[in-house]
Amino acid sequence: MPDAAQSLPEFWKSRVEDVEEAIASAHVGSVRVVARTPGGHKVHMVAYGPSTNYDSQANYMSATGARNPAYYADKPDAGPPVVYIVGTPHGQEVENVVGTVNLMRVGETGADWRGKQWPRLAASMRECRTLIVPLSNPDGRARCMHDSFVGLPVDEMTRVGQGTREDGSMYGWPGAKAVHPMKGDIGLLGAYFNDDGINLMHDDFFNPMADETRGVLGVARDEAPDYIINLHSHGAAPMILSTAYVPRLHKEITAQFGERLQARLESGGLPAGGPPGVSEDGESYPPPSFNLTSALHHVCGAVSLLHECCHGVREDRYPDATHDEILDIQLILFEELLTFALEHPRPGVA
Ligand SMILES: [Zn+2]
């Protein structure tokens, strides 16, 4: 199976080194390090488009306590929407690394690594403030021995992603969340986790265990994004998932965006899942998780979305997807989100 790497297309830039090269060659985007991992990697953020100095006199939680989010970020009406892309908290979800590295290429040159032009996306990246953390969990990605899951069985993704016990049995989903930090009975530490066994999606957000989590949340706090997208992958068709513990209005905006993305993917003949429903949290037991997507909202007030791409695994119950199609799904997601942000720059503001 590792031999499959030799037949991967050139544009399939899914490795930690691919991110480092993209960061090193960024000239249009401005780069900073937001975290250092227990495995010794840096987590980078690259920003495109204009920055705005907001008047800020309170953190978001206090500003909403004072009944006016402008005390946290007093955004000018005509200022650019800020869109924050959080890449690959789960290291085996390599499709999202391909997406963010190619998005950076579009930001630098107007074209992706295939040479395909994305004029609307490139223009939107200049018009919005576009913040990209291309890979928030480089430790996990470095431990994932597959550069692609296209054509592989889903069990292999589960083995590598969620890891195994010493006897070789798989933790699986959601079993991999039942032990956290993931320590002790480990055969293979899943790519879900950083090298300390932390799953960034389920850190302690009021006292984070991982520097990566602090860094990712810190970007949101400092930049006051209007929209955030947290990038994941699964076997099924691409879809936007609902975010728990956010305002009702944001759930409605999330569903609206999910519908729009589905329509765009379908019109391109690509696999597409349906939009999330809009419901109250905790209508039945057990309650939903307050996860990284939820936490990102609560530090800055953004509409915080989660996208699941498809892996292209070889399973009857899941859609096929080629490498080309997966890259298109990624860049279409970004193009639609930035367009949506430009159309609705201050979501939820009366
Ligand atoms: Zn994930």
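Preceding this paragraph is the structure being described.
Just so it is clear, the structure is predicted and the values come from calculations on it, not from any experiment.

1. Quick look at empty space enclosed by the protein
Vacant regions in the atomic arrangement are exposed by a probe of water-molecule size rolled over the atoms.
(1) Moving on: By the definition in use, this model includes 3 cavities of 30 Å³ or more.
(2) Moving on: Looking at the largest cavity, its volume works out to about 70 Å³.
(3) Moving on: Among the secondary structure elements, those contributing two or more residues to the lining of the largest cavity are helix H1 (16–24) and strand S2 (42–48).
(4) Moving on: Here the second largest cavity defines a volume of roughly 40 Å³.
(5) Moving on: Around the second largest cavity, the lining residues are Pro 238, Met 239, Ile 240, Gly 258, Leu 261, Gln 262, Leu 265, Gly 273, Gly 274 and Pro 275.
(6) Moving on: Among the elements of the structure, strand S8 (239–241) and helix H8 (248–267) are those that each provide at least two residues to the lining of the second largest cavity.
(7) Moving on: If one sorts the elements of the lining of the second largest cavity by residue count, H8 sits on top with 4 residues.
(8) Moving on: Residue composition of the lining of the second largest cavity, grouped by class: 6 nonpolar, 4 polar and no charged.

2. Overview of helix H7 (residues 211–223)
(1) Moving on: Taking 1.5 Å of rise per residue, the 13 residues of H7 would be expected to cover 18 Å, and the 18 Å separating its terminal C-alpha atoms lies within 8% of that figure.
(2) Moving on: The set of residues buried in H7 consists of Glu 212, Thr 213, Gly 215, Val 216, Leu 217, Gly 218, Val 219, Ala 220 and Glu 223.
(3) Moving on: Where H7 ends, the next residue or the one after it, Ala 224, has phi of about 50 degrees, a positive value.

3. A closer look at helix H6 (residues 154–162)
One full turn of an α-helix is made of 3.6 residues, so residues set three or four places apart face in the same direction.
(1) Moving on: Counting buried residues in H6 gives 7 out of 9 residues, a clear majority hidden from the surface.
(2) Moving on: Looking only at H6, the buried set comprises Val 154, Glu 156, Met 157, Thr 158, Val 160, Gly 161 and Gln 162.
(3) Moving on: Taken together, the buried residues of H6 touch strand S5 (163–164) and strand S6 (188–189).
(4) Moving on: Two residues or fewer past H6, Gly 163 is found with a positive phi of approximately 90 degrees.

Procedures and definitions
Residues numbered from 1 in each chain as written. Predicted model: local features only at pLDDT ≥ 70, side-chain atom pairs only at ≥ 80, totals over all residues. Heavy atoms only, no water. 1 Å grid on protein atoms, 1.4 Å probe; cavity = no way out; pocket = protein on both sides within 12 Å on 5 of 7 lines; lining within 4 Å. Points joined across faces, edges and corners; volume = space filled by probe spheres on them. Helix = DSSP H or I, 4+ residues; strand = E, 2+ residues; numbered from the N terminus. Nonpolar A, V, L, I, M, F, W, Y, C, P; charged D, E, K, R; others polar. Expected span 1.5 Å × (residues − 1). Buried < 20%, exposed > 50% of the residue type's maximum accessible area, 1.4 Å probe, protein only. Contact = heavy atoms within 4.5 Å.

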